[in-house]
Every structure is written in structure tokens, then in C-alpha cells.
Amino acid sequence: MIATKTVASYIGGRFRESKATTVDQIPNPATGETIASLPYSTRDEINEAVAAAKKAFPAWSDTPVPDRAQVMFRFKALYDKHFEELSALVTQENGKTLDESRGELKRAIEVIDFACGAPTLTMGTNLDQIARGIDEELTRFPVGVVAGITPFNFPNMVPMWMIPVAIVCGNTFVHKPSQLTPLSAIRIAELLKEAGLPDGVFNVVHGAKEAVDTLLEHPDVAAVSFVGSATVAADIYRKAAASGKRVQALGGAKNHILVMDDADLELSAPHVISSAFGNAGQRCLAGSVAVGVGKVGDALVKELAKEARDIKVGPGTDASTTMGPVIRAERKRKLIEYIDGAEAEGAQLVSDGRQVSLSDGFFLGPTIFDRVTPNMKVWKDELFGPVLSVVRASDIDEALSVLNSSTYGNMASIFTSSGKNAREFKRRAQAGMLGVNIGVAAPMAFFPFTGWKNSFFGDLHATGQDSIRFYTRHKVVTTRWL
Ligand code: NAD
């Protein structure tokens, strides 16, 4: 099912038209055509959504954990059943290729699979006889109403990092998806309803900063899960923490990939290219800086340029397309400004993506710069588009020092055939997700998504055991029977 003309909100089990006066038009990034209009939820509607979640909390948190897990099993079956349709919806609203959308869906389903294990995952611990005649037990309880605020680049997977785990742990949820890609969220709501989730446990509201501020200020929101750019993540972390909410805020990235001169270039370069240009570079795990280490620089640049020439830019629905558009015309303009700026700063343009002969849609080709240095803006900023910078380093020490001077610390990778280099890298790289001969080192759902520095604000990360701990609070009971 493809979206209706006006995107609904979902409050207390009802799909509703908003009374909003602010309305956005949602284009298909590949064609520029409007596919839906999006009314921004009013403050009253957001308050209603929180009230609905609060009302649903006592009964849902009291529902036996295996019964909550059953909803997830049915939800997972619906995801499998609607896999192609959900993938097509992601391509329609985000622009990525159908294969990339299918990849996103697979990763989303992994988290639902993980959440199905709630009876085991949420178990507590106990210790018999901690003192004479005294036992102690730790039990997990849900936190309350959780607000989930998500970005445009994974309209299905990123919400799934939050929703299944939060819900299965007994919380209720208000989702505020990106105003750039709001369609998948409503389809998720339909499927959760069909899976038998009680009304009010999951709600969807729309909007941008104002909607988020309303959620952050709301006294009945107990926890906030955020994924988006670093500046907003830092702000959300501060505001949520200041009002006593628990918060996890995942921010932006500038991921470095070290290519050592002992690496097999032909095998490594395609991974660097697909890391940099997959999803048109709009991934928080995109390898946007390749560091050629030792003598490999010239050969690496040559190989990357060759691989980039094979990228076919076009609409994501075309099976021959390997790179879709960026999300909006404004983003494309901003990226072109960055490319112009990098040239002016002295970076050497190896592949120029500014001229793409597709007139409709927000297309950019793959752009590669050589001889980028850490004083350049193109190195410092997260561009979030199909632009790859190549930095030259004389040895692993210099390469690590460049990597570690980034303000971001989401992911870093090394391509090498040397165990010694890999070990040095694993121990010294200042990033939370590392890859050895892997272009996109994305942890699977049973591991946490462990960004560092400006890529993460908080203590407990998304997914894996961290997510169970984030969405539950502990009680420790000490017992003596007299
Ligand atoms: P964004 O920060 O513009 O928006 C993210 C969410 O925050 C949206 O729901 C948006 O409506 C809301 N928002 C925007 N400005 C706000 C403000 N001033 N106050 C409160 N809320 C605000 O991010 P985006 O452009 O949608 O997504 C791309 C960014 O997300 C990139 O920086 C990318 O690296 C990051 N990202 C990070 C991860 C990760 O795991 N670390 C994963 C995916 C995306």
C-alpha cells in the first residue's frame, strides 16, 4: 500500500487528519513530484498522543512479557509479508535504490527478531544468600512513555532500532519521524495495529523542531531516543537531561577508512566506493574519508576513480541504478557549495558529480577529492552526500592521528593484510564501530550501535543489550524471611 495524499497522524489507535496550519509537500526525490502532503501536528495533538501513550502504559506494562513478544512475532510476520511493499515505500520517499531499501528492511527485521526474544532478554538476576538468610534480586521494569525522533536517511530501519525494543520492554511510544520522510512511519503504525498492539501503545505525530520541543518539554515523556545530526543530537541531549529524562542521542559522522599499502587494492577499493556512495552517501556509516597510507596514494586514487565511473546514477526504481538522488534540492545545492568550496581550498577534484544529465529529481554524481587535508572544511564537516575525500598519510601513526582528530567517532575501518596493522588500528582508533576489511561496519541488532564523540550523546546506545537497559529500569530487592 502506497501512501495516501495527506499523511495521517496516529493517536490512541486512530489514524487522524491533523488540524494543522503548517503543511509540507513531500516530493519523490527521484522525480521531484509531490507524493503527499504532511500537516505538522499541533501542540494539542502532540499532547494528546502523549496522553494516549500515558493512558495505555499501565495495562501494557502489566501485560505478560511473552504476550508482548507475541505481538512482535506477528509484527515480524507482517514485515516479511509486506517486505517488497515496505521497501518500495522507502525508495519512494527517500530515493535510495530498491536494493538498498531491501537491505534497510532486512536490518529493520533483525531488530524485530531481537525484540521477539524479550522474555529472555529482559530477565533479571538474583543472588542467593548474599548474607546469612538474605537473598537479592534485580528485576527490570519499563520506563514509561518513550519519544522516538528519527532522521530521513533510514525511514524504516532507524525507527525499528527503537520501536520494537521499547514496546516489548513494556513502554509506550510516541514516534516523531523525519518531516522529510514521514510515510513509512504511518505504515509501521498500520502493521503494529494489525499485529494486535493495543491502542495508544504506539503513536505517530509529525513536524520538525517545534514538535520535538513539545515532546522534550512534556513532563509525561520519560525517555527520549534520538537519531539525527550532531548539533541537534547535542541539543536534545542537553534539553532532555535537564528535564530529568533518560536520553540516547545518536549524532552525525565523518568516517575514515584507512587503506594500507599492504592491502589488496582491487579487493578493497570497491568496498571503499560502496561505503562512500551507497545510499548516495547519506548514511551515518558512510566512509567519507579514505586515507591512503604509505605508498598506496596514487594507485588508490586511480582505483577509486575507476570504480566511481561504474556507478550508475538514476531513479531507485530502475534495476540498473546503483546510486539514487539526494533527499532534497536544497541538500543538493548545499553539497554543490561544499564541492565548489573544496576546490577553492585546494583539494584536487578527481571525479566531479556536479554535472548529472538527469533533469528531474535531486541527482548528484559521485565526487572524489584527492589531497584533502584536515584544515579543509570538506574534511571537517559531515557533508552527508556522495562526496569522498582522499587524505594521504605516510604511516599508520599519521593516519590514526588524522582519524582521531575528527570531532566525530562513529565508525572507522582499515583495509590491510597485516594483523599487526589491524591490531594497532583496533586499539588506537577513536571511534565506536570499527571494521577490519569491512566498508560499512554496522553492528547487527544483537550488538549496540556504539558511536563515540559527537556521534553519540548519552550512556546506553541503540540496539543490543544496551537498548534493553535503556528501555528498562532496575529494581533491586533484598529479602529476609524472619
Ligand atoms: P536532522 O538532525 O536534521 O533531523 C533529525 C530529526 O530531528 C528529525 O526528526 C527532525 O525533524 C528533527 N530536528 C531537526 N532539527 C531539529 C531541531 N533544531 N530541534 C529539534 N529537532 C530537530 O537529521 P537528518 O538530516 O534527518 O538526518 C541525517 C543526520 O542523521 C546525519 O547527520 C546522519 O549522520 C545522522 N544519522 C546518524 C545515525 C547514527 O546512528 N549516529 C544514523 C542515521 C543518521
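Above: the structure in question.
This section reports on the structure supplied with the text. Just so you know, these numbers come straight off a predicted model, no measurement behind them.

Observations regarding the packing of helix H2 (residues 65-81) against helix H7 (residues 183-194)
Between H2 and H7, the shortest axis-to-axis distance is 8 Å and the interhelical angle comes to 130 degrees. The pairing of H2 with H7 is recorded here as oblique in orientation. Where H2 crosses over H7, the two elements pack in a sense that is right-handed. Along its contact with H2, which presents Met72, Phe75, Leu78 and Tyr79, the element H7 presents Ile188, Leu191, Leu192 and Glu194. In terms of residue class, the contact of H2 with H7 is built from 7 nonpolar, no polar and 1 charged.

Some remarks on the layout of surface pockets
Its volume calculated, the largest pocket comes out at about 940 Å³. Breaking the lining of the largest pocket down by element, the ones donating at least two residues are helix H6 (157-168), helix H8 (209-217), strand S10 (221-227), helix H9 (230-242) and helix H12 (329-345). With 6 residues, H9 is the single largest residue contributor to the lining of the largest pocket. Split by residue class, the lining of the largest pocket holds 24 nonpolar, 12 polar and 9 charged. Counting contributing residues, the lining of the largest pocket receives three or more from each of domain 1 (5-251 + 455-480) and domain 2 (255-436). In terms of lining, the second largest pocket is formed by 21 residues, of which the most central are Arg107, Phe154, Met157, Val440 and Ala442.

Topic: the packing of aromatic side chains
Any two aromatic rings considered together are summarised by their centre-to-centre distance and by the angle between their planes. Tallied over the full model, the rule gives 8 aromatic pairs. Sitting above the plane of the Phe154 ring, Lys96 keeps its charged end 3.8 Å from the centroid. Residue placement shows Lys475 over the ring face of Phe141; its charged tip is 4.3 Å from the ring centre.

A look at empty space enclosed by the protein
Taken as a whole and assessed by the stated rule, the structure comprises 3 cavities of 30 Å³ or more. By volume, the largest cavity is sized at about 90 Å³. Lining of the largest cavity is provided by 14 residues; of these, Gly281, Ala286, Ser288, Glu382 and Phe384 occupy positions nearest its centre. Here the residues of the lining of the largest cavity are counted per class, giving 7 nonpolar, 4 polar and 3 charged. As a volume, the second largest cavity reaches approximately 40 Å³. Lining the second largest cavity are Lys254, Asn255, His256, Leu403, Ser406, Tyr408, Gly409, Asn410, Met411, Ala412 and Ala431. Elements with a contribution of two residues or more to the lining of the second largest cavity: strand S12 (255-259), strand S17 (408-409) and strand S18 (411-415). Grouping the amino acids of the lining of the second largest cavity by side-chain chemistry returns 5 nonpolar, 5 polar and 1 charged.

Thresholds, definitions, all that
Within each chain, residues carry numbers counting from 1 in the order of the written sequence. Under the rules for a predicted model, residues below a pLDDT of 70 receive no local features and side-chain atom pairs below 80 are neither given nor counted, while totals for whole chains, interfaces and linings still include all residues. Side-chain measures here rest on the full set of heavy atoms in the structure, leaving out hydrogens and waters. In this analysis an axis means a line fitted to C-alpha atoms, helices contributing only their contacting stretch, and an angle means the value between N-to-C directions, from 0 to 180 degrees. Helix numbers and strand numbers start at the N terminus; a helix is a DSSP run of H or I with at least 4 residues, a strand a run of E with at least 2. With respect to orientation, any angle under 35 degrees is reported as roughly parallel, any angle over 145 as roughly antiparallel, any angle of 65 to 115 as roughly perpendicular, and every other angle as oblique. Rotating anticlockwise by less than a right angle from the far helix to the near helix defines a left-handed crossing, while the corresponding clockwise rotation defines a right-handed one. The contact rule is simple, with two residues in contact once any of their heavy atoms fall within 4.5 Å. Any residue that is not Ala, Val, Leu, Ile, Met, Phe, Trp, Tyr, Cys, Pro, Asp, Glu, Lys or Arg is counted as polar, Gly included; the first ten are nonpolar and the last four charged. Note on definitions: the grid is 1 Å and covers protein atoms alone; a cavity is a set of points where a 1.4 Å probe fits but cannot get out; a pocket is an open set with protein on both sides within 12 Å along at least five of seven lines; lining residues have an atom within 4 Å of a point. Grid points are joined across faces, edges and corners, and a volume is the space filled by probe spheres set on the points. Segmentation of the chain into domains, including their bounds, is taken from an automatic or database domain assignment. Working definition: a ring pair exists when centres of Phe, Tyr or Trp rings (six-membered ring for Trp) sit within 6.5 Å. Plane angles under 30 degrees give stacked, over 60 give edge-to-face, the rest tilted. Two limits define a charge over a ring: the Lys NZ or Arg CZ must be within 6 Å of the ring centre, and within 35 degrees of the ring normal.

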